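Tertiary structure, described
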Amino acid sequence: MNTGVLGVIFGNRDFFPDHLVGTARNEIKRALDELGLGYRMLEESDTKLGGVETFADAQKCANLFKAHREEIMGILVVLPNFGDERGVAETIRLAGLDVPVLVQAYPDDLDKLDVARRRDAWCGKISVCNNLYQYGIKYSLTDQHVIRPDDDAFIQEIKDFAAVCRVVGGVKGMRIGAVGARPGGFNTVRYSEKILQRHGITVVTVDLSEILGRANRIKNDDTIVKERMNVMLNYAKRGLAPGDALVQMAKLDLVLQEFVDEHALDATALQCWTSLQQNYGCNVCTSMSMMSENMLPSACEVDVTGTLTMYAMQLASGSPSALVDWNNNYADDPNKTVLFHCGNWAKAFLPDIEISNAPILGSSLGVENTWGALDGRTPASPLTYGRISTDDIQGKIKVYLGEGELTDDELNTFGNRAVAQIPDLQGLMQYVCRNGFEHHVVMNASRTSKILEEALGNYFSWEVYNHYKG
């Protein structure tokens, strides 16, 4: 998932070889084309070889970027030679895009250090970053201080940077639907709507009674109900789910989709118990799973910052996320844990997905009122896990992240379930508990903790702890 457009600045400086800029243009174009990324850069006729050196060059480049501000998700600074640090910084300042910036610099060859071929980009990169720092412009760095565009490591750097851009652009301006009040017994999912709004994240609330009222007004035999039932049964095996429960599930799903569309929502967090079972007679897990599978993440128990985490991870990886409980130890293995929920994980995690009921909720609410939960086991895969949380006491947003593995270890239980193996799991649990994080965590079948750390820590200035030491 590398679609998107980058604005590209080629730094240049008058007493370094100009021909290096022309060569860099071709090499950068090839690299971006290989990744399927679009780009906006000055033409060679706009300035000397399309580079940015003077203030006039910076104005031209900034105007180009401003003309394409709706499509540019990030800026790539390329230093074929030392470059002019003022020209680079002024371009970004004048453009005013407020998007991530990646600074790349070319290495020198030991046999090409004569006046006609030397680059000095190693030094120039330090100067450019110094100026960006002075201007208050946030920026990212390649792992290697200097790197060639035809290096495989640079291709991966651009892939990761594009993911950082997606996370930053997607989270900024995100709209979350909060359906109903949090369950009364779950103070753990409290959050600060005001802190989120300060960071550009809007929460749209609706009373659960409004959703259930709209669902009840739909006739059971309406064509749209039958069509939605077919969609659900094409999504998951029916199992033993009775027909009247499927009708209720379909009507609720229709109304939830209308709510999402009406408010242009990116994600939802739902009151999934106990009012739903007591007043409507089914679980909403299947609908939530379908939304998450379709890249509209949905979290249970009105866990708003949980669904925010799901969305951020989805943007980083290009694949669905799931909200899970840190639920059980796994025998006596200190680095393994059981991840669990009643049944709302995206189908991507559940190849054997089947509509079922929720035995735990059913023990007090009646199993017949809990149809719509899903049953399935998650197979082995890479794992990125994490959690975004608002800390009202300190007035900040804090995050923890990490990586591990989902395993195929034996696990005989019900609901949505997985076994995770995480290095120094006990140390992680110490961190989670001591810092007051929720019992919910988000999982994604990817290796994206570094991307998320850069996006959330550098560009949003959130407090980020990455437990992964790889």
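Residues numbered from 1 in each chain as written. Predicted model: local features only at pLDDT ≥ 70, side-chain atom pairs only at ≥ 80, totals over all residues. Heavy atoms only, no water.

1. A short note on the UniProt feature "domain: L-fucose isomerase C-terminal" (unreviewed entry) in the protein
Within this structure's numbering, the places UniProt gives as "domain: L-fucose isomerase C-terminal" (unreviewed entry) are residues 339–465. Along residues 339–465, the helical share is 22% and the strand share 38%, with 21 Å between the first and last C-alpha atoms. (UniProt positions renumbered as here; feature names shortened; annotations may be inferred. Helix = DSSP H or I, 4+ residues; strand = E, 2+ residues; numbered from the N terminus.)

2. Quick word on the layout of surface pockets
The computed volume of the largest pocket comes to approximately 300 Å³. Surrounding the largest pocket, 16 residues form its lining, Asp-98, Val-99, Lys-138, Lys-172 and Tyr-459 being those nearest its centre. When grouped by side-chain class, the residues that make up the lining of the largest pocket number nine nonpolar, three polar and four charged. (1 Å grid on protein atoms, 1.4 Å probe; cavity = no way out; pocket = protein on both sides within 12 Å on 5 of 7 lines; lining within 4 Å. Points joined across faces, edges and corners; volume = space filled by probe spheres on them. Nonpolar A, V, L, I, M, F, W, Y, C, P; charged D, E, K, R; others polar.)

3. What about the sheet that holds strand 5 (residues 140–141)?
Strands sit in the order 2-1-3-4-5 across an open sheet of five strands; the sheet is parallel. A single partner strand is all that each edge strand has here, and the edge strands are strand 2 (38–40) and strand 5. As paired strands, strand 3 (residues 72–79) and strand 4 (residues 101–105) are joined by five bridges and run parallel to one another. Bridged to Leu-76 within strand 4 is Leu-102. (Pairing = 2+ DSSP bridges.)

4. Points about the side chain of His-440
On the secondary structure map, His-440 appears in strand 17 (residues 440–444). Residue His-440 is classed as buried on the basis of its relative accessible area of 0%. Of note is the side chain of His-440, whose polar atom sits 2.7 Å from the side chain of Glu-301. Separated by 3.2 Å, the side chains of His-440 and His-439 make a polar contact. Ignoring any residue separated from it by four or fewer positions in sequence, one finds His-440 in contact with Val-189, Cys-300, Glu-301, Asp-303, Leu-323, Val-324, Asp-325, His-341, Arg-387 and Tyr-400. (Buried < 20%, exposed > 50% of the residue type's maximum accessible area, 1.4 Å probe, protein only. Polar contact = N/O pair within 3.5 Å; in protein donor to acceptor, adjacent residues only side chain to side chain. Contact = heavy atoms within 4.5 Å.)

5. Here's the deal with the packing of helix 8 (residues 223–235) against helix 9 (residues 243–262)
As a packed pair, helix 8 and helix 9 sit with axes 9 Å apart at the nearest point and diverge in direction by 100 degrees. Here helix 8 lies roughly perpendicular to helix 9, going by the angle between them. Touching Ile-224, Val-225, Arg-228, Met-229, Met-232 and Leu-233 of helix 8 are Leu-246, Val-247, Met-249, Ala-250, Lys-251, Asp-253, Leu-254 and Gln-257, all from helix 9. Taken together, the residues that form the contact of helix 8 with helix 9 break down as ten nonpolar, one polar and three charged. (Axes fitted to C-alpha atoms, helices over the stretch in contact; angles between N-to-C directions. Parallel < 35°, antiparallel > 145°, perpendicular 65-115°, else oblique.)

6. Structural notes on the pattern of salt bridges
Under the defined criterion, the tally for this structure stands at 24 salt bridges. One salt bridge connects Arg-148 with Asp-109, and the closest N-O pair in it is separated by 2.4 Å. Of the two residues, Arg-148 sits in the loop between strand 5 and helix 5 (152–171) while Asp-109 sits in the loop between strand 4 and helix 4 (121–135), which places them 39 residues apart along the sequence. Overall, Arg-148 belongs to the partly exposed group, its relative accessible area being 26%. Classification of Asp-109 by relative accessible area gives partly exposed; the value is 26%. (Salt bridge = Lys/Arg side-chain N within 4 Å of Asp/Glu carboxyl O.)

7. Observations regarding empty space enclosed by the protein
Taken as a whole, this structure holds four cavities of 30 Å³ or more when the rule is applied. Roughly 70 Å³ of internal volume is contained in the largest cavity. Residues of the lining of the largest cavity, tallied by class, amount to six nonpolar, four polar and one charged. Within this model, the second largest cavity holds a volume of roughly 50 Å³. Lining the second largest cavity are Val-179, Leu-208, Ile-211, Leu-252, Leu-256, Leu-270, Gln-271, Cys-272, Leu-276 and Val-284. Within the residue set of the lining of the second largest cavity, elements represented by two or more residues are helix 7 (208–216) and helix 9. Within the lining of the second largest cavity, the residues separate by chemical class into nine nonpolar, one polar and no charged.

8. Considering the pairing of strand 17
Buried residues dominate strand 17, accounting for five of its five residues. Across the two faces of strand 17 the burial is the same, with His-440, Val-442 and Asn-444 and Val-441 and Met-443 all buried. The pairing of strand 10 (residues 321–330) with strand 17 spans five bridges and is antiparallel. Residue Val-324 lies in a different strand from strand 17, and its bridge partner there is Val-441. Direction of pairing for strand 14 (residues 381–391) relative to strand 17: antiparallel, over a ladder of three bridges. Across the sheet, Tyr-385 pairs through a bridge with Met-443, a residue of strand 17.

9. Focus on the sheet that holds strand 7 (residues 202–206)
Taken together, the four strands give an open sheet; going across it, the order is 7-6-8-9, and neighbouring strands pair in parallel fashion. Taken across any chain shown, the strands that pair with only one partner, and hence form the sheet edges, are strand 7 and strand 9 (298–299). Of the strand pairs in this sheet, strand 6 (residues 175–179) and strand 8 (residues 267–270) are connected by four bridges, and their pairing is parallel. Bridging across to strand 8, Ile-176 finds its partner in Ala-267.

10. Let's talk about the environment of Asp-207
If you trace the backbone, Asp-207 turns up in the loop between strand 7 and helix 7. Note: C-alpha distance between Asp-207 and Ala-181 (26 residues apart in sequence) is 7.3 Å. Here the side chain of Asp-207 touches Ser-209 through a polar contact of 2.5 Å, side chain to side chain.

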